[in-house]
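Examination of the molecular architecture
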Amino acid sequence: MATRQSTFLGRILAAPSILVLFLWMIVPLGMTIWFSLLRYNLLDPGNESFIGALNYEYFLTDPAFFTALGNTLLLVGSVLLITIVGGILVALLMDQPIFGQGVVRLFIIAPFFVMPTVSALVWKNLLMHPVSGLFAWIATSLGFQPVDWFSNAPLFSVILIVAWQWLPFAALILLTALQSLDGEQKEAAQMDGVGPFSFFFYIVLPHLARAITVVILIETIFLLSVFAEIFVTTGGGPGLATTNIAFLVYAQALLQYDVGGASAGGIVAVVLANIVAAFMVRLIGKNLEA
Amino acid sequence: MAVYSVRRQVTMTILAWIVGLAIFFPILWMVLTSFKTELDAFSTPPQFLFFHWTLENYAEVQERSHYFHHALNSIILSFGSTLVALLFAIPAAWGMAFSPTKRTRSTLLWMLSTKMMPPVGVLVPIYLIFRDLGMLDSRFGLIMVLFLGNLPIVVWMLYTYFKEIPRDILEAARMDGATIGKEIIYILAPMAIPGIASTVLLNVILAWNEAFWTLNLTTSEAAPLTTFIASYSSPEGLFWAKLSAASTLAIAPIMVLGWFSQKQLVRGLTFGAVK
Amino acid sequence: MGSIQLKGVTKTFGNTSVIPHVDLSVEDGSFVVFVGPSGCGKSTLLRLIAGLEDTSGGEILIDGRNVVNEGPAKRGLSMVFQSYALYPHMSVRNNIGFGLKMAGLPKSEIAAKVEHAAGILNLTPYLERKPRELSGGQRQRVAIGRAIVREPKAFLFDEPLSNLDAALRVQMRLEIARLQKSLGTTAIYVTHDQVEAMTMADKIVVLNAGRVEQVGSPIDLYERPDNLFVAGFIGSPKMNLIEGPIAAGLGAKTIGARPEHITVTTDGTGTWQGTISVAEHLGSDTFLYVDVPNAGTVTVRTQGELGLKAGITVGLTPDPARIHRFDNAGKAIR
Ligand SMILES: Nc1ncnc2c1ncn2[C@@H]1O[C@H](COP(=O)(O)OP(=O)(O)OP(=O)(O)O)[C@@H](O)[C@H]1O
Ligand SMILES: [Mg+2]
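Residues numbered from 1 in each chain as written. Chains lettered and ligands numbered in written order. Predicted model: local features only at pLDDT ≥ 70, side-chain atom pairs only at ≥ 80, totals over all residues. Heavy atoms only, no water.

Remarks on the sheet that holds strand β19 (residues 332–333) of chain C
- Spatial strand order, β11-β12-β18-β19 (chain C): four strands in an open sheet with antiparallel pairing. A single partner strand is all that each edge strand has here, and the edge strands are β11 (240–243) and β19 of chain C. (Pairing = 2+ DSSP bridges. Helix = DSSP H or I, 4+ residues; strand = E, 2+ residues; numbered from the N terminus.)

Some remarks on the environment of Met115 of chain A
- Following the sequence through the fold, Met115 of chain A ends up in the loop between α4 (101–109) and α5 (116–127).
- Spatially, the C-alpha atoms of Met115 of chain A and Glu229 of chain A are 9.6 Å apart, while their sequence positions differ by 114 residues.
- With residues near it in sequence (within four places) discarded, Met115 of chain A still touches Gln165 of chain A together with Trp208, Asn209, Leu225, Thr226, Ala250 and Ile251 of chain B. (Contact = heavy atoms within 4.5 Å.)

A closer look at the interface of chain B and chain A
- Taken together, the contact between chain B and chain A spans 108 residues of the former and 94 residues of the latter.
- Taking both partners together, chain B and chain A bury about 9,000 Å²; carbon and sulfur atoms supply 81% of that area.
- The interface formed by chain B and chain A contains zero salt bridges.
- Linking chain B to chain A there are eight residue pairs in polar contact (both at pLDDT 80 or more). (Buried area = accessible area lost by both parts, 1.4 Å probe. Salt bridge = Lys/Arg side-chain N within 4 Å of Asp/Glu carboxyl O. Polar contact = N/O pair within 3.5 Å; in protein donor to acceptor, adjacent residues only side chain to side chain.)

Some words on the site of ligand 1
Residue and element names in this part refer to chain C.
- Inspection of the region around ligand 1 gives Phe13, Val18, Ser38, Gly39, Cys40, Gly41, Lys42, Ser43, Thr44, Glu159 and His192 as its neighbouring residues.
- In this structure, an oxygen atom belonging to ligand 1 sits 2.5 Å away from a side-chain N or O atom of Thr44.
- Summarising the interface, the protein chains cover 57% of the accessible area of ligand 1, which totals 640 Å² for the free molecule.
- Looking at which element gives the most residues to the shell around ligand 1, the answer is helix α1 (residues 42–50), with three residues.
- Residue composition of the shell around ligand 1, grouped by class: three nonpolar, six polar and two charged. (Near = heavy atom within 4 Å. Areas by Shrake-Rupley, 256 points an atom, 1.4 Å probe, with all protein chains shown as cover. Nonpolar A, V, L, I, M, F, W, Y, C, P; charged D, E, K, R; others polar.)

Digging into the packing of aromatic side chains
- By the definition in use, this model includes 35 aromatic pairs over all chains.
- For the ring pair Phe227 of chain A and Phe212 of chain B, a centre distance of 4.9 Å and an interplane angle of 75° mean the geometry is edge-to-face. With Phe227 of chain A in the loop between α10 (196–223) and α11 (228–233) and Phe212 of chain B in the loop between α10 (193–209) and α11 (213–217), this residue pair bridges two chains. Each member of the pair, Phe227 of chain A together with Phe212 of chain B, is buried.
- Ring centres 5.2 Å apart and planes at 70° place the aromatic pair Tyr67 of chain B and Phe68 of chain B in the edge-to-face group.
- Among the residues examined, Tyr67 of chain B registers a relative accessible area of 7% and is labelled buried. (Phe/Tyr/Trp six-rings, centres within 6.5 Å; stacked < 30°, edge-to-face > 60°. Buried < 20%, exposed > 50% of the residue type's maximum accessible area, 1.4 Å probe, protein only.)

So, helix α5 (residues 104–115) of chain B
Residue and element names in this part refer to chain B.
- An ideal rise of 1.5 Å per residue puts 16 Å on twelve residues; α5 measures up with 17 Å between its terminal C-alpha atoms.
- For α5, a buried count of nine out of twelve residues is recorded, marking the element as mostly surrounded by other parts of the structure.
- Looking only at α5, the buried set comprises Thr104, Thr107, Leu108, Leu109, Met111, Leu112, Ser113, Thr114 and Lys115. (Expected span 1.5 Å × (residues − 1).)

Topic: the domain arrangement of chain C
Residue and element names in this part refer to chain C.
- When its domains are assigned, chain C resolves into domain 1 (4–231) and domain 2 (238–326).
- When each unit is reduced to the centre of its C-alpha atoms, the spacing between domain 1 and domain 2 is 39 Å.
- Of the roughly 650 Å² buried where domain 1 meets domain 2, counting both sides, 58% is carbon and sulfur surface.
- Area buried by domain 1 at its contact with domain 2 is led by Tyr222, Leu228 and Ala231, which between them contribute 76% of it.
- Across the contact surface, domain 1 and domain 2 share zero salt bridges.
- Applying the counting criterion to the domain 1 and domain 2 interface returns two residue pairs in polar contact (both at pLDDT 80 or more).
- If you list the elements that add at least two residues to the side of domain 1 that touches domain 2, you get α7 (218–223) and α8 (228–233).
- Broken down by element, the residue count for the side of domain 1 that touches domain 2 peaks at three residues, all from α7.
- Split into classes, the residues belonging to the side of domain 1 that touches domain 2 amount to five nonpolar, one polar and one charged. (Domains from an automatic or database assignment.)

In structure tokens, the structure reads:
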């Protein structure tokens, strides 16, 4: 294996993937950086001019940016919290002896296969609609005023939808990890008279640490750029209430045609993601070793 | 003890079914609604089972918005991009798993970190490049984008699967006179089939449900089901039943595929990090 | 034909030198065994010969041709791995025939050769099975079948029996030895099992820290160890190595006496007097561990039941003709 020939071959074989990914990263990124330094509007073609950091100044001092940043963090944080706590509870429940476990498993994993546009529309129109939605009917039957979710709690509504989509993922990975907790450890703990809560906090939770890391890592990758759910439900509104960074940049580029400003926003998004990524890579680098 | 266990099992079963159904409910409700007339779909109180079952929504969805056209696009895009990714990733994962160098680990982490780069960061140039090359709304262009987006995950997953294949066996093949190509075709690929299958599955699902690039780079010709559904988000008219039928059609293929393969899928999802 | 020569072969991994310098020649048709403690570089040396690792220096000649720049397939050797390394997704037939298929032989010829090899190894009833449906010994035989079917210049074995239980190991040991003799193919066999080495080898190569300590026939190594390492490594139980005044009295830094070359007396006679600390009765043999002043614990192997037990004082007399003497550098004084 470790002959010069095979080492050489290994590199040759890995090269195409590395090369295309590198290009995929560097070319658009380079262009984005370049555009971000220009005054560049698609509605005003041929008038591009170099304006240095002005786009960044505009983007970063725009209150919309801070709102979007706050929304992004809130969205990622809340969804992570809900899916991990919910996922642990679901996993603990699924780990019990239950009849028809296979079927329940299918129910639980189902939302993972639903494309974001579908889940957003179904939640918005069939469940959360203030007049004809099921939630409205439930509220009315119980004697309450139906909630107009997307007007009164827009970000929360989006969080709810996204959390529903990611709950299965968290639950199933945590369940897999939970099932690998060996039976003898449980029995030993029983013999020692460890109560269920101490057992959970001192034995189960540490055992799940690695799985939780994986969940955080993968969900964060996807949650940082949640787009479709916002696109089809609120369009970022009302006002900026559900605009995250991804949506803000999109709006700047393809709704206002401000390529320069959007590019600056894109770079800011990349920098933010890199901060998160650096943190993550360290986290998994440590936790996924061995 | 035994009595207690049975009672506990019954309690847990009831609880688990309630939780499972609650999680599944939005999908169930969507499917039910798709068989209602628009009037029933909108009625208060809602109709659970005893309504006039009809298939007219499905017919109309196909007629109006060409479901099959978009479904075909979804299939082409998700399988196409996964296939291209495999072509690049299998050799790469082979190299990394069986002739690792000092930098292999950091290369892998770097690959994964490109996945953390938010697509919006490169939306503008990609959009412009696509526009200038006439690749907006083209299947080829979108396959490339989806392929590049998924490549890190495919490489990483295959790498973890390949790592589990004992080197001895590949060395034995080499002693038996197999060249690298034959080694991959006759030994590695057949042994890694379960791993390759779960990689393919996960990536088909991810590509099927990808809704950033598909929404931004396609309009009709190459538009997959994500875009097809998004076109139902316009607020004029309340066509819940038709929306439900369209949604059901959009997720059904992938849901069935996912259900059949959930075991492999879960394992793949953990990147081999959780056994 | 299949003679193998190593000339000044070296191997380093990064900065660590695993094989500092090895010269060795393996004659055509002989059965050579590499022994040595764990981590001494036996597998590495074998893999260098196989072409699975590159040499860092030196030459490897197969039938007089330097092969260091050739890949494993071109060298015409075949290897049996410790883990067997069978292809799990192929039937026994395809496992054995894979090398022939790679060599591009016609199907009919492959079939004939596979049948023949399977016949020799009693594998005919299992040809259509997958490796996981075989017992350990059968898998072992498939691995051997895969090696012989290609009619290689030499077989390379890396601890092929270490995953088998004791009884099967003895049986396979005999089978391999017999097969090698009947085929007349050169074999290099790595083991750390002394008994395998002593019983199978025409020639044993004792390795220590990547160096060849001694090469010779089993009896040579037993009777005339070149140095302390070989003296201590070959033979079971280990040779007693005694330093201090007793050795000095014989003009050596260290003297060695094998447990089976020491006579026990209970009548007060004997070169050394000592107290039995432990007596292990194995039925045919008895191992005595005797504390001798100035010599430490001396192991003695006696035959039969002599009523010897712990606490008894005995006299020990080593056979003077079979005492080994070593100088300060650990080299044998002859
Ligand atoms: N690829 C490698 N990289 C670095 N060091 C290695 C490598 N392969 C082997 N070594 C080192 O070389 C030395 C010899 O290893 P080798 O496997 O040849 O030992 P061995 O004699 O076969 O031992 P054992 O009886 O335990 O199989 C060991 O110290 C080992 O750690
Ligand atoms: Mg070894």
